[in-house]
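This is what each chain is made of:
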Amino acid sequence: MANQAQLKISPELADKIRAHGAQTYPHECCGGLLGRDTEVADRRVCREIHALHPLVNRRDDSPNNRFSVTSQDVLDAEKAARQQGLEVVGWYHSHPDHPARPSQYDRDHAWPWYSYIIVSVANRVPEEMTSWRLTDDRTEFECEEIGLQRVAS
Amino acid sequence: MSVKVIIPTPLRVYAGKVESTEVSAKTVGEALGQLTSKFGDLRKHLFTEDGKLRSFVNVYVNDEDIRYLSKENTPTRDGDTISIVPSIAGGFV
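Residues numbered from 1 in each chain as written. Chains lettered and ligands numbered in written order. Predicted model: local features only at pLDDT ≥ 70, side-chain atom pairs only at ≥ 80, totals over all residues.

Enquirer: In this structure, what is going on with the overall build of chain B? I would like to understand it.
Expert: For chain B, the count of helices and strands is two helices and six strands. Shown N-terminal to C-terminal, the secondary structure of chain B runs as helices and strands in the order β-β-α-α-β-β-β-β. What you see for chain B is a C-alpha radius of gyration of 13 Å, in line with the 12 Å of a compact globule of 93 residues. In terms of overall dimensions, chain B has C-alpha extents of about 45 × 30 × 25 Å along its principal axes. In chain B, which comprises 93 residues, the share counted as buried stands at 31%. Look at the contacts in chain B between residues 6 or more apart in sequence, and 52% of them connect residues 24 or more apart. (Helix = DSSP H or I, 4+ residues; strand = E, 2+ residues; numbered from the N terminus. Rg over C-alpha atoms; globule rule 2.2 N^0.38 Å. Buried ≥ 20, exposed ≤ 12 C-beta atoms within 10 Å, placed from the backbone. Contact = placed C-beta atoms within 7 Å.)

Enquirer: Sorry if this is basic, but what is going on with helix H1 (residues 28–38) of chain B here?
Expert: Given 3.6 residues to a turn, an α-helix orients residues that are three or four positions apart in the same direction. All names here are of chain B. Along H1, the residues that are buried comprise Val-28, Ala-31, Leu-32 and Leu-35. Down the axis, H1 shows its buried residues gathered within 95 degrees of arc, on one side only. Of the surrounding secondary structure, the elements contacted by the buried residues of H1 are strand S1 (2–6), strand S2 (20–24), helix H2 (43–46), strand S3 (57–61) and strand S5 (81–86). (Arc of directions from axis to C-beta.)

Enquirer: Please clarify how the sheet that holds strand S2 (residues 30–39) of chain A should be interpreted in this entry.
Expert: In sheet architecture, strand pairing relies on hydrogen bonds along the backbone and comes in two forms, parallel and antiparallel. Residues and elements named next belong to chain A. Spatially, the seven strands close up into a barrel ordered S1-S3-S2-S5-S6-S7-S8, and their pairing is mixed. Across the sheet, the mean angle from the axis of one strand to that of its neighbour is 35 degrees, orientation sign disregarded. Two strands pair when backbone bridges link them, and strand S7 (residues 125–134) and strand S8 (residues 141–148) are joined in this way by four bridges, in the antiparallel orientation. Residue pairing for S8: Arg-133 is matched across the bridge by Glu-142. (Pairing = 2+ DSSP bridges. Axes fitted to C-alpha atoms, helices over the stretch in contact; angles between N-to-C directions.)

Enquirer: In this structure, what is going on with the nonpolar core? I would like to understand it.
Expert: Nonpolar side chains in soluble globular proteins generally cluster together in the buried interior. The biggest cluster of nonpolar side chains holds 36 residues, and the ones touching the most others in it are Ile-17, Cys-30, Leu-33, Trp-91, Tyr-92, Ile-117 and Val-119 of chain A. It is strand S6 (residues 115–122) of chain A that contributes the most residues to this core, five residues altogether. Judged by nonpolar contacts, the second largest core, of 18 residues, contains Leu-11, Tyr-14, Leu-42 and Val-57 of chain B. (Core = buried A, V, L, I, M, F, W, Y, C linked by C-beta atoms within 7 Å.)

Enquirer: Hey, could you run me through the sheet that holds S5 of chain B in this one?
Expert: Spatially, five strands are ordered S2-S1-S5-S3-S4 (chain B) in an open sheet, and the strand pairing comes out mixed. In this open sheet, the two edge strands, each paired with only one partner strand, are S2 and strand S4 (64–65) of chain B. Of the pairings in the sheet, the one linking S3 of chain B to S4 of chain B comprises two bridges and is antiparallel in character. Among the inter-strand pairings, Tyr-60 of chain B is bridged to a residue of S4 of chain B, identified as Asp-65 of chain B. The strands touched by helix H2 (residues 71–83) of chain A are S3 and S5 of chain B; relative to S5 of chain B, the strand with the most contacts, the crossing angle is about 95 degrees. Its contacts with the sheet put H1 of chain B on S1, S2, S3 and S5 of chain B, and the angle it makes with S2 of chain B is roughly 120 degrees.

Enquirer: What exactly am I supposed to notice about the environment of His-98 of chain A here?
Expert: Locating His-98 of chain A in the fold gives a position in the loop between strand S5 (87–96) and helix H3 (104–108). With 18 C-beta atoms counted inside 10 Å, the residue His-98 of chain A sits in the partly exposed group. Note: C-alpha distance between His-98 of chain A and Val-119 of chain A (21 residues apart in sequence) is 9.2 Å. In contact with His-98 of chain A, other than residues within four places in its own chain, are Ser-120 of chain A together with Phe-92 of chain B.

Enquirer: Sorry, what's going on with helix H1 (residues 11–24) of chain A here?
Expert: Residue and element names in this part refer to chain A. Taking 1.5 Å per residue, 14 residues should reach 20 Å; H1 reaches 20 Å between its end C-alpha atoms and fits that length. Among all positions of H1, only Leu-13, Ile-17, Arg-18, His-20, Gly-21 and Thr-24 are buried. Angularly, the buried residues of H1 cover 155 degrees about the axis, an arc narrow enough to put them on a single face. Turned more than 90 degrees off the buried face of H1, the exposed positions are Pro-11 and Glu-12. In the core, the buried residues of H1 are packed alongside strand S1 (6–9), S2, strand S3 (45–55), S5, S6 and S7. (Expected span 1.5 Å × (residues − 1).)

Keep in mind these numbers describe shape, not what the thing actually does.
Printed below as a string of structure tokens:
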């Protein structure tokens, strides 16, 4: 939801996302974000990422500028999350040689509620990392602040 | 015909935060129609503006993908479970 604005992730997990993007360059990487939402003050919700669920990009035809996660991958990620007492709260992917900004294609294919982390990878070097959420009316992505800090389990 | 519809996590905020709901329907299309009548905010996330199921919305009847059955005309029987499962896509450009 649009009023949830902060995502907490440890520096180690953030580095793993960056490393995944470097590893699959020049193709896009992708994976699940496993975590939970915790209500904090004023009914605001803080989303914490506790684990990653790296996936294989299923877009064999255009892996340089597209990623795809099948419904079976989603079910597998949900199962992995449940086994750890967590939920799938979002997805990450890389933009090789492009900014960490969601494209029209990203928006057209997005689900609400999920956090979408994007890492820009330039010439195999990971750079900016951002996170986004689709608004309720599907018209835009809102940037979500990433808090790099240790997340209590 | 009472059919259970399982709502995916990202859409539960638009459905009273419930995990599933019961509807009375003879086909998958009817069940989804009843679901979106019950929870109107779900409609734009499941269907395009011209009323087609969005490409990244996958619907199963008792674990069978309706794309390999009769799509939204797939008949439902009393006690069936319909699952709505996301697939995820994106990329730059």
